[in-house]
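Structure assessment
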Amino acid sequence: MTYNINNKGYYGEFGGAYIPEMLYPNVEELRQNYLKVMAEPEFQEEFNALLKDYVGRPSPLYFAKRLSVKYNTKIYLKREDLNHTGAHKINNTVGQILMAKRLGKNRIIAETGAGQHGVATATVCALMGLECIVYMGEIDIARQAPNVARMKMLGATVIPALSGSRTLKDATNEAIRDWINNPVDTHYIIGSVVGPHPYPDMVARFQAIVSEEIQWQLKEKEGTTKPDYVVACVGGGSNAAGAFYHFLEDTEVKLIAVEAAGKGVHSGESAATSILGKEGIIHGSKTLLMQTPDGQITEPYSISAGLDYPGVGPMHAHLYKSGRAEFVAITDDDAMTAGLELCKMEGIIPAIESSHALAVFEHKKFKSSDIVVVSLSGRGDKDLETYIQHFGL
Amino acid sequence: MNRINKKLKEDKKLLSIYFTAGYPDINDTVGIIESLEKNGVDMIEIGLPFSDPLADGPTIQASSTKALKNGMTTEVLFDQLKDVRKTVSIPLLIMGYFNPILQYGVEAFCKKCAEVGIDGLIIPDLPVDVYNEQYKSIFERHGIINVFLITPQTSEERIRFIDSISKGFIYMVSSASVTGSNSGFGDVQTDYFERIYQMKLKNPQVIGFGISDYKSFSQATQYAKGAIIGSAFVKHLTTKGSDDTQHFISSLLQPQE
Ligand SMILES: Cc1ncc(COP(=O)(O)O)c(C=O)c1O
């Protein structure tokens, strides 16, 4: 069994490109070119130089000493929160903006949930001098105001998505509609390992730098390239895809994907897609998604805008179905508590998305000899308002 | 012979109308179909509403949301249509996104279509290659025609391929856009219509998206066998309700003074 993508664009039975014909030329152009472009030495050079000097990579692999003592295991944090713009999202947008330039596109569109991907996209557009339009659900615009301001300062136009639940799913719909309306000059920078093939694979490859670094950093610190566990939160699944990537085929490394349970998996207000979802099609991909028996996509809920998505990338659907990864669902409350604990014990304010991954230690017991790497996908600046409200700070 | 093929053989330009099932009211579906036929419409696309219609603009999005709120489901639609062939004889197609059909089961869906007298399906997000590899035999077994889309950006090679596997008509999307934008047809569109006309495809073409009135209908049907009007009719249903299709249809077929 392989856990990577096959030559038809599927992970097991998940993936593919279920797109209207209007999108076919753009998606096909990307499919035919992405591997070729990514393999070009000049592309690699430019990508790596930007990751180093602009993003600030490698991001540290930090041994969280006090947390390790408390949970009696060896906890390492992969510090994607220290990247420029504050999350792993920038790894992907740097890659995709270079791709867009190679494909001759001069107009960039993106969707965003928490606003991290929107900011990361607006940032690279400013860097390259390209027009940038970001679709964002009206609800998310309200709960992630600082990021909306950032995008505007960076020169992007933020367009509210007013349909459906007015969150990430609907922002994605609007971005796809924009792409249908602008079929020639526009590249759509998707923010996660979702969407039609080749997006999930392309985004995973751009994020794969995370696990590549984990390997050599761990070698330096522990004398092994292999952690016992890699833990990451999953919205669409891009930080998890990056953290898992180089370990996918090595089953000695156990993978834990943490989803948002919201107010409880069966509360009716949840985003725990693997448990609540069924096979179906969302945003051009066959994957697991939350839906009614009639096939209507349902509105997810999570306190974290970045995890508030009714689907999951096809790679993760396959990791779930095949049992390669363990899926854990963490409630709003448990995530918030774990986030505050990291503040108090390690002096790091995490994004609420990442706090879900950190909550794994209250949920699951690890051995004292286990090396557990947690993807700290982003920093909590954007979430201060939510933390303050939640804890009455 | 399938009703669609029979209709396409008629020596006239075809007027096809799209509307969303269960809109404005849940029980409007069959009444609208009957009055469309009575007023001279040649073919009908019944929209199976979906929560996330990617290829649709605000008008059809809003009608879909309302129809779902009204309680429309795949099951309800088939139930409403169970006696439609007692009163209606023009070709009927269902236009819907793939996920609801996948959940119903593609085979069960096609079987049910055949039972109630649906002649064809238009599924914008079911790609041609997936249809060809996985579902073609199911559709054919039940005598259901699957209609594919082409756009101004579709390559000639791909148009030829789509023509080769089509069994009814080709749905020509008029311009690069979601449904409901009616900026009228300029040179870009008419050049595209002309280009496709000159390809002399095996299947007749029916043009849709952005057709809203007599003028755009006549322009489109200069080049194609027929044209499909969707958002403009849905808008009419929104403002005038379901009892007044006659005026809308006659305004399409005759120049307005
Ligand atoms: C900090 C952070 N982590 C995680 C996510 C979830 O996305 P993904 O599952 O693609 O990593 C987001 C999305 O906005 C985010 O901002």
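Residues numbered from 1 in each chain as written. Chains lettered and ligands numbered in written order. Predicted model: local features only at pLDDT ≥ 70, side-chain atom pairs only at ≥ 80, totals over all residues.

Quick notes on the overall build of chain B
Tallying secondary structure elements over chain B gives 12 helices and nine strands in all. Here the C-alpha atoms of chain B give a radius of gyration of 17 Å, agreeing with the 18 Å that 2.2 N^0.38 yields for 257 residues. Taken along the three principal axes of its C-alpha coordinates, chain B extends 50 × 45 × 35 Å. Within chain B, buried positions represent 53% of all 257 residues. Considering only contacts in chain B between residues 6 or more positions apart, those separated by 24 or more positions represent 78%. (Helix = DSSP H or I, 4+ residues; strand = E, 2+ residues; numbered from the N terminus. Rg over C-alpha atoms; globule rule 2.2 N^0.38 Å. Buried ≥ 20, exposed ≤ 12 C-beta atoms within 10 Å, placed from the backbone. Contact = placed C-beta atoms within 7 Å.)

Comments concerning the site of the ligand
Residue and element names in this part refer to chain A. Residues in contact with the ligand amount to 21 residues; listed here are only the nearest, Gly235, Ser238, Gly306, Glu353 and Gly378. When contributions to the shell around the ligand are tallied by element, the ones reaching two or more residues are helix H5 (116-128), helix H11 (238-244) and helix H15 (352-358). Here the shell around the ligand takes three residues from H11, the largest share from any one element. Among the residues making up the shell around the ligand, the classes are represented as seven nonpolar, 13 polar and one charged. Lining the shell around the ligand are residues from two domains, each supplying at least three of them: domain 1 (11-50 + 89-203) and domain 2 (56-87 + 208-391). (Near = placed C-beta within 6 Å. Nonpolar A, V, L, I, M, F, W, Y, C, P; charged D, E, K, R; others polar. Domains from an automatic or database assignment.)

Remarks on the domain arrangement of chain A
Residues and elements named next belong to chain A. Along its sequence, chain A is carved into domain 1 (11-50 + 89-203) and domain 2 (56-87 + 208-391). When each unit is reduced to the centre of its C-alpha atoms, the spacing between domain 1 and domain 2 is 22 Å. The interface of domain 1 with domain 2 comprises 37 residues on the first partner and 38 residues on the second. If you list the elements that add at least two residues to the side of domain 1 that touches domain 2, you get strand E2 (14-15), helix H4 (89-102), H5, helix H6 (138-143), helix H7 (145-153), helix H8 (168-181) and helix H9 (199-207). Across the side of domain 1 that touches domain 2, the residue classes break down as 17 nonpolar, 16 polar and four charged.

A few points about unusual backbone geometry
Omega for the peptide link from Arg57 of chain A to Pro58 of chain A comes to 0°, which places this bond in the cis form. Here Pro58 of chain A lies in the loop between helix H2 (41-55) and strand E3 (61-63). In this chain, His197 of chain A is followed by Pro198 of chain A through a cis amide linkage whose omega measures 15°. If you trace the backbone, Pro198 of chain A turns up in the loop between strand E8 (186-188) and H9. Positive phi is not limited to glycine here, since His283 of chain A has a value of about 50°. As for its position among the elements, His283 of chain A is in the loop between strand E11 (278-282) and strand E12 (285-289). A positive phi angle is found at Lys200 of chain B, which is not glycine, with a value near 50°.

Describing the UniProt feature "active site" (unreviewed entry) in chain B
Residue and element names in this part refer to chain B. In the UniProt entry, the feature "active site" (unreviewed entry) is given for Glu45 and Asp56. As for its placement among the helices and strands, Glu45 is situated in strand E2 (residues 43-48). The exposure class assigned to Glu45 is buried, which follows from the 26 C-beta atoms found within 10 Å. Discounting chain neighbours no more than four positions away, the residues touching Glu45 are Ser16, Tyr18, Leu93, Met95, Ile122 and Ile228. Note on placement: Asp56 falls in the loop between E2 and helix H3 (58-69). (UniProt positions renumbered as here; feature names shortened; annotations may be inferred.)

A word on the sheet that holds strand E9 (residues 229-233) of chain A
All names here are of chain A. Spatial strand order, E3-E4-E14-E9-E10-E13: six strands in an open sheet with mixed pairing. Only two strands of the sheet have a single neighbouring strand rather than two, namely E3 and strand E13 (325-331). Shown here is a sheet whose adjacent strand axes are inclined to one another by a mean of 25°, direction ignored. Strand contacts of helix H14 (residues 332-346): strand E10 (254-262) and E13, with the helix running at about 90° to E13, the strand carrying the most contacts. (Pairing = 2+ DSSP bridges. Axes fitted to C-alpha atoms, helices over the stretch in contact; angles between N-to-C directions.)

Comments concerning the environment of Gly129 of chain A
If you trace the backbone, Gly129 of chain A turns up in the loop between H5 and strand E6 (131-137). Expressed as a C-alpha distance, the spacing of Gly129 of chain A and Gln389 of chain A, which sit 260 residues apart in the sequence, is 38 Å.

Digging into the environment of Val41 of chain B
Residues and elements named next belong to chain B. Examined against the element boundaries, Val41 turns out to sit in the loop between helix H2 (29-38) and E2. Separated by 26 residues in the primary sequence, Val41 and Leu15 place their C-alpha atoms 5.5 Å from one another. Residues contacting Val41, with those up to four places away along its chain left out, are Leu15, Ile17, Leu36, Ile90 and Ile249.

Describing helix H10 (residues 214-223) of chain B
Residues and elements named next belong to chain B. Considered for burial, the residues of H10 that qualify are Ser216, Phe217, Ala220 and Tyr223. An end-on view of H10 places all buried positions within 130° of arc, on one side of the element. For H10, the elements touching its buried residues are helix H9 (187-198), strand E8 (205-208), strand E9 (226-229) and helix H12 (245-253). (Arc of directions from axis to C-beta.)

Focus on the sheet that holds strand E7 (residues 170-173) of chain B
Adjacent strands of a sheet pair through backbone hydrogen bonds, lying either parallel or antiparallel. Residues and elements named next belong to chain B. Reading across the sheet, the nine strands line up as E5-E4-E3-E2-E1-E9-E8-E7-E6 and stay open at both edges, with parallel pairing between neighbours. Either end of the sheet is taken by a strand with one partner, and the two such strands are strand E5 (145-147) and strand E6 (149-150). Note: E2 against strand E3 (residues 92-96), five bridges, orientation parallel. Counted as the bridge partner of Leu48 is Gly96 from E3. Along the sheet face, helix H11 (residues 231-240) touches strand E1 (14-20) and E9 and points at about 55° away from the line of E1.

What to know about the pairing of E3 of chain B
For E3 of chain B, the buried fraction is high: five of the five residues fall into the buried class. Of the two faces of E3 of chain B, the one carrying Leu92, Ile94 and Gly96 of chain B and the one carrying Leu93 and Met95 of chain B are both buried.

Side note on the packing of H5 of chain A against H7 of chain A
All names here are of chain A. Interaxial distance between H5 and H7 falls to 9 Å at its minimum, and their mutual angle equals 10°. When the interaxial angle is binned, H5 and H7 end up roughly parallel. At the point where H5 passes H7, the crossing takes the left-handed sense. On H7, the residues that touch Gln116, Gly118, Val119 and Ala122 of H5 are Asn147, Arg150 and Met151. Residue composition of the contact of H5 with H7, by class: three nonpolar, three polar and one charged. (Parallel < 35°, antiparallel > 145°, perpendicular 65-115°, else oblique. Left-handed = near helix turned anticlockwise from the far one by under 90°.)

Some thoughts on the pairing of E2 of chain B
Residues and elements named next belong to chain B. Counting buried positions along E2 yields six of six residues, so the element is predominantly enclosed. What you see with E2 is no split at all: Met43, Glu45 and Gly47 on one side and Ile44, Ile46 and Leu48 on the other are buried throughout. As defined by bridge partners, E1 adjoins E2 across five bridges and the pair is classed as parallel. Residue pairing across strands places Tyr18 opposite Glu45, the latter belonging to E2. Following the chain from E1 across H2 to the adjacent parallel E2, one finds a crossover that is right-handed. (Right-handed = clockwise from strand over helix to strand, strands pointing away.)

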